[in-house]
Amino acid sequence: MNVLMIFEYMPPFITGAYNRGLFYYNYFSKRANCFKVISCDFYDIKKKDHEYLKNVIYIKKEEKSKMSKLPQKLLNIGKIEFFTDNAWINDAINEIEKDVNFVPDIILISFPSYNSIKLTNYLKKKYPMSKIILDLRDPLISYSSNSYFNIKSLIDKFTSKKIEKKIISFYDIVITVSLFEKNRIENVYKRKCYKLYTGYAENNNKNLQNSNLQNSKDNNINIGYFGSFSYSDKSRKISKLNNFFKFVTKYNENNNIKIEFYFYGRFTKDEINIMNRYSCCHYAGIITDKLEEKMNQYDALLIFNNNNYKGIITGKVFDYMKVGKPIILYSDQEIELVDIVEKKGGLWLNKNNINNETIDKIISLKNKKINYCEYSWEANEKFLDDILLPDKERKQAT
């Protein structure tokens, strides 16, 4: 089996999407006879401390359009990604043309751009017998639902559905990131779609201890948050928890068991100032290594819903699952992630449940270990085998 994979983000470029690319990379590396990957290079030069993957052709993603000469304010309005993506796709096509002997049986594409129509058209003509798979990790409709108001957002709202329908129609198999998206695609476009959560790589780190090192000193409930806050309204994300932090602060003043929050990551001064208002909140600095060992020191891990679109599952939740700790999710909307967290014994926190019952639920999370195996890469591999491999190859893979 020969496989060609075209994926925007791959290591060493750390984004919310790179883990998904790494999963597919590991999956096909174990199953393909010949495996080629084309991805974006976002660095100016290849540095020795950046671990570039084998079999991956990194193509510099940069502005090559004459539009780059326009004033920056106009570019911001027009969202020039359209032109940068088109230039990159042209380079990717040129790279594919170099290897005349390589004929893929499977082509996987995950490139969130209107320009993927051009790429797919080219591939279908060049490799008519190949099975082409779309990994729809960033649905176009979700972007047209964003709150910003500019020319591109207006165009998106008018055209996204038609463009997405056109893109989806090109592919033999469509895979997406959530149950909400799977159902939407099947209902709107009347075609089969598969749900594949990004998931997490199984942890073989023997240094991770079963006990909570942070909590061995006392009976406090210590909760960790790892990473920055997303999107332009950053400080507003943590400020949504003001009332909750006030409630917890008052609770701590009157009880021996205290609930403490520790925030690790790069935050703005405004965000740190919000943390400093409450005695239950602590800015803990930046973690550069042994992240999982640090996560394992906490009774639970906190996550914010940073997107109002129901079909987006933030990759952070799978990073948390890897260490098997309960998850506390703050979201004022009942999104799909709420169901995932609650089914696995975590807690959904919102503006309507700031009360003593919620405090009791948080306390009950202490020293609780959760098995998230159905979200592991091993489970994902078995799922893909059922979709992609004939019976004979499936038995060999297992």
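Residues numbered from 1 in each chain as written. Predicted model: local features only at pLDDT ≥ 70, side-chain atom pairs only at ≥ 80, totals over all residues. Heavy atoms only, no water.

**Concerning the overall build of the protein chain**
As a reminder of what qualifies: Numbering of helices and strands runs from the N terminus; a helix is a DSSP stretch of H or I covering at least four residues, while a strand is a stretch of E covering at least two. Partly exposed residues are those whose accessible area sits between 20% and 50% of the maximum for their type, while under 20% is buried and over 50% is exposed, using a 1.4 Å probe and protein chains only. Contact criterion: two residues are considered in contact whenever any of their non-hydrogen atoms come within 4.5 Å of each other. Only the protein chains shown count as cover for residues, and the accessible areas themselves come from Shrake-Rupley with a 1.4 Å probe.
Each helix and strand counted, the protein chain has 16 helices and 13 strands in total. Buried positions account for 51% of the 398 residues belonging to the protein chain. By sequence separation, contacts in the protein chain at least 24 residues apart represent 70% of the contacts at least 6 residues apart. A total accessible area of about 20200 Å² is found for the protein chain, and carbon and sulfur atoms account for 49% of it.

**Quick look at helix H13 (residues 336–343)**
Among all positions in H13, only Glu336, Leu337, Val338, Ile340 and Val341 are buried. In this fold, the buried residues of H13 make contact with helix H7 (179–189), helix H12 (316–321), strand S12 (327–330) and strand S13 (347–349). Just downstream of H13 lies Gly345, where phi reads positive at about 85°.

**Details of the sheet that holds S13**
For clarity, the cut-off: Here the rule is simple: two strands pair whenever DSSP picks up at least two bridges between them. Orientation is described by lines fitted to C-alpha atoms, with helices fitted over the stretch in contact, and by angles between N-to-C directions that extend from 0 to 180 degrees.
Read from one edge of the open sheet, six strands run S10-S9-S8-S11-S12-S13, paired in parallel fashion. Taken across any chain shown, the strands that pair with only one partner, and hence form the sheet edges, are strand S10 (281–285) and S13. Across the sheet, the mean angle from the axis of one strand to that of its neighbour is 30°, orientation sign disregarded. Relative to strand S11 (residues 300–304), strand S8 (residues 221–226) runs parallel, the two being bridged by two bridges. Among the inter-strand pairings, Gly224 is bridged to a residue of S11, identified as Leu301. Contacts from helix H9 (residues 242–253) reach strand S9 (259–264), S10 and S13 within the one sheet, and its direction differs from that of S9 by about 135°.

**Some details on the sheet that holds strand S2 (residues 34–41)**
An order of S3-S2-S1-S4-S5-S6-S7 is seen for the seven strands of this open sheet, with the pairing classed as parallel. Unpaired on one side and paired on the other, strand S3 (56–60) and strand S7 (194–195) mark the two borders of the sheet. Here H7 sits on the sheet in contact with strand S5 (131–136), strand S6 (173–176) and S7, set at roughly 145° to S6.

**Quick look at the packing of H9 against helix H14 (residues 356–363)**
Worth spelling out the cut-off: Convention used here: angles under 35 degrees read as roughly parallel, angles over 145 as roughly antiparallel, angles from 65 to 115 as roughly perpendicular, and any remaining angle as oblique. Side-chain classes follow a simple rule in which Ala, Val, Leu, Ile, Met, Phe, Trp, Tyr, Cys and Pro form the nonpolar group, Asp, Glu, Lys and Arg form the charged group, and the remainder, Gly included, forms the polar group.
Relative orientation of the contacting elements H9 and H14 amounts to 75°, with a least axis distance of 11 Å. The angle between the axes of H9 and H14 places the two elements in the roughly perpendicular class. Across from Phe244, Phe247, Val248 and Tyr251 in H9, the residues of H14 making contact are Asn356, Thr358, Ile359, Ile362 and Ile363. Each residue belonging to the contact of H9 with H14 can be placed in one class, and the counts come to seven nonpolar, two polar and no charged.

**Some words on unusual backbone geometry**
Phi is positive for Asn55, close to 70°, though the residue is something other than glycine. Turning to its location among the elements, Asn55 is positioned in the loop between S2 and S3.

**Looking at the packing of aromatic side chains**
The line we're drawing: Whether two aromatic rings pair depends on their centres lying within 6.5 Å, for rings of Phe, Tyr and Trp, where Trp uses its six-membered ring; planes under 30 degrees apart make the pair stacked, over 60 edge-to-face, and the rest tilted.
Following the criterion strictly, the structure yields 27 aromatic pairs and no others. Plain terms: the ring middles of Tyr197 and Phe318 are 6.3 Å apart, the flat faces sit at 40° to each other, and that makes the pair tilted. Residue Tyr197 is located in the loop between S7 and S8, and its partner Phe318 is located in helix H12; the two are separated by 121 residues in the primary sequence. Take Tyr197 and Phe318: they sit in the same class, and that class is buried. Aromatic side chains Tyr225 and Phe267 sit 6.4 Å apart centroid to centroid with 40° between the ring planes, which places their arrangement in the tilted category. Linking Tyr225 in strand S8 with Phe267 in the loop between S9 and helix H10 (269–276), this pair joins segments that are 42 residues apart in sequence. Taken together, the ring pairs in this structure connect Tyr225, Phe244, Phe245, Phe261, Phe263, Phe267, Tyr278, Tyr283, Phe304 and Tyr330 into an aromatic cluster.

**Here we look at H14**
Condition: The directions from the helix axis to the C-beta atoms are what the arc is built from. Pairing of N or O atoms within 3.5 Å defines a polar contact, subject to two protein rules: one partner must be a possible hydrogen donor and the other a possible acceptor, and residues neighboring in sequence count only if both atoms are side-chain atoms.
Restricting attention to buried positions, one finds in H14 the residues Thr358, Ile359 and Ile362. Along the long axis of H14, the arc covered by the buried residues comes to 105°, so they all point the same way. In H14, the exposed positions that point more than 90 degrees away from the buried face belong to Asn356, Glu357 and Asp360. The secondary structure elements touched by the buried residues of H14 are S8, H9, S9, S12 and S13. Taking the backbone nitrogen of Glu357 as reference, a side-chain oxygen 3.2 Å away marks Asn355 as the first, capping residue of H14.

**Some remarks on the side chain of Lys36**
Within the fold, Lys36 resides in strand S2. Among the residues examined, Lys36 registers a relative accessible area of 14% and is labelled buried. Engagement of the side chain of Lys36 in a polar contact is seen with the side chain of Asp99, the distance being 3.0 Å. Excluding residues that lie within four positions of it along the chain, Lys36 makes contacts with Val3, Leu4, Met5, Asn55, Ile57, Asp99 and Phe102.

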